[in-house]
Amino acid sequence: MVTESELFQSVYPDLIGEMERIENARGKLNDFQLMLAVAHAKNGLGVLSYERRQIINAIFDSFINLYRKNGRMSAERWAKETFGCYIESELEDVSDVVVRIEELHHLIHDRETELLQMYRELYMLENYTQKDEPAPAVDSPSGEPNASNDGGRS
C-alpha cells in the first residue's frame, strides 16, 4: 500500500490541476469531467500490475465519492490527511525557494570558477613581469640606495 500511496501522491498535483482547469471554465465537475480529470492524472502512472491498478482505482474512487458528496475541499482534506498530498499552490512557495537556492549555488560556483581563472592569470602575469625586470638595487645598511660606485665620496 505504501507504493500505491506514493503513486497517488505523484499524480495528485496533475489531478488537482486538471480539476481546477475544468472548474474555472465550467464550475463544479460532473461525473464525466471527473473521470476525464482522473484519466488525465492516471496517464502519469505508467504501466502498473493488476493489483496495484486496482488499489489506485479504489483510491481515486474514494476521492471522487468525497468530491461528489462533500465538495472539493473535503476531498482534498481527505487526500492530505490520508496520503500526505498537497496542492501545488501550497508547495509552490517552497519549490520556488528550492529552485532559487539551486540557481544561486550554480551562480556562486560559476563566479568562483571565474575568479580562480582570473587569479591564475594574474599570478602568471606577475611571475612573467618579475622575470623580465632587472633585479632591484641592493640598499646599503644605512638605508640609502647604493647606486654609484664612487667609493663613498660625495
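Given the structure is predicted, the values throughout are model-derived calculations rather than measurements.

Caption draft 1: Quick look at helix α1 (residues 2-26). Taking 1.5 Å of rise per residue, 25 residues should cover 36 Å, and α1 covers 35 Å from first to last C-alpha, within 8% of that figure. If you look at α1, its biggest bend is around 40°, right at Val11, and the proline Pro13 turns up within four residues after that. Looking one or two places after α1, you find Gly27, whose phi comes out positive at around 90°.

Caption draft 2: Representation of the packing of helix α3 (residues 50-70) against helix α4 (residues 72-83) in the model. In the contact formed by α3 and α4, the axes pass within 7 Å of each other and the chain directions differ by 145°. By crossing handedness, the relation of α3 to α4 is classed as right-handed. Residue-level contacts link Ile59, Ser62, Phe63, Leu66, Tyr67 and Asn70 of α3 to Arg72, Ser74, Ala75, Glu76, Trp78, Ala79 and Phe83 of α4.

Caption draft 3: Region of the structure containing the pattern of salt bridges. This model, assessed by the stated rule, comprises six salt bridges. Glu20 serves as the salt-bridge partner of Arg72, at 2.8 Å between the closest nitrogen and oxygen. Taken together, the residues Arg72 in helix α4 and Glu20 in helix α1 connect sequence positions 52 residues apart. Residue classification places Arg72 among the buried positions, given a relative accessible area of 16%.

Caption draft 4: Summary view of the nonpolar core. Among the nonpolar cores identified, the biggest contains 25 residues, and Phe8, Tyr12, Leu15, Met19, Leu29, Phe60 and Phe63 are the most heavily contacted of them. Secondary-structure elements contributing two or more residues to this core are α1, α2 (31-42), α3 and α4.

Caption draft 5: Expanded view of the packing of aromatic side chains. Scanning all chains against the criterion turns up five aromatic pairs. An angle of 85° between the planes, with centres 6.1 Å apart, marks the rings of Tyr12 and Phe63 as edge-to-face. Taken together, the residues Tyr12 in helix α1 and Phe63 in helix α3 connect sequence positions 51 residues apart. For the pair Tyr12 and Phe63, one class covers both residues: buried. Ring centres of Trp78 and Phe83 lie 5.4 Å apart, and the angle between their planes is 80°; this geometry places the pair in the edge-to-face category. In this structure Phe83 comes out as buried when scored by relative accessible area, which is 8%. Clustering of aromatic rings is evident, with ring pairs tying together Phe8, Tyr12, Phe60, Phe63, Trp78 and Phe83. Above the face of the Tyr67 ring, Lys28 is positioned so that its terminal group lies 5.4 Å from the ring centre.

Caption draft 6: Representation of the side chain of Glu18 in the model. Residue position: Glu18 is located in helix α1. For Glu18, the contacting residues outside a window of four places in its chain are Ala37 and His40.

Caption draft 7: Expanded view of a nonpolar patch on the surface. A cluster of nonpolar side chains, namely Leu115, Leu116, Met118, Tyr119 and Leu122, defines an oily patch on the protein surface of about 520 Å² accessible area. You can see Met118 is positioned in helix α5 (residues 88-132). Note on Met118: relative accessible area 46%, which makes it partly exposed.

What counts and what doesn't
Residues numbered from 1 in each chain as written. Predicted model: local features only at pLDDT ≥ 70, side-chain atom pairs only at ≥ 80, totals over all residues. Heavy atoms only, no water. Helix = DSSP H or I, 4+ residues; strand = E, 2+ residues; numbered from the N terminus. Expected span 1.5 Å × (residues − 1). Bend = angle between axes of the 7 residues up to and from the residue. Axes fitted to C-alpha atoms, helices over the stretch in contact; angles between N-to-C directions. Left-handed = near helix turned anticlockwise from the far one by under 90°. Contact = heavy atoms within 4.5 Å. Salt bridge = Lys/Arg side-chain N within 4 Å of Asp/Glu carboxyl O. Buried < 20%, exposed > 50% of the residue type's maximum accessible area, 1.4 Å probe, protein only. Core = buried A, V, L, I, M, F, W, Y, C linked by side-chain atoms within 4.5 Å. Phe/Tyr/Trp six-rings, centres within 6.5 Å; stacked < 30°, edge-to-face > 60°. Lys NZ or Arg CZ within 6 Å of the ring centre and 35° of its normal. Patch = residues over 30% accessible without salt bridge, like charges linked within 9 Å, V, L, I, M, F, W, Y side chains within 5 Å. Areas by Shrake-Rupley, 256 points an atom, 1.4 Å probe, with all protein chains shown as cover.

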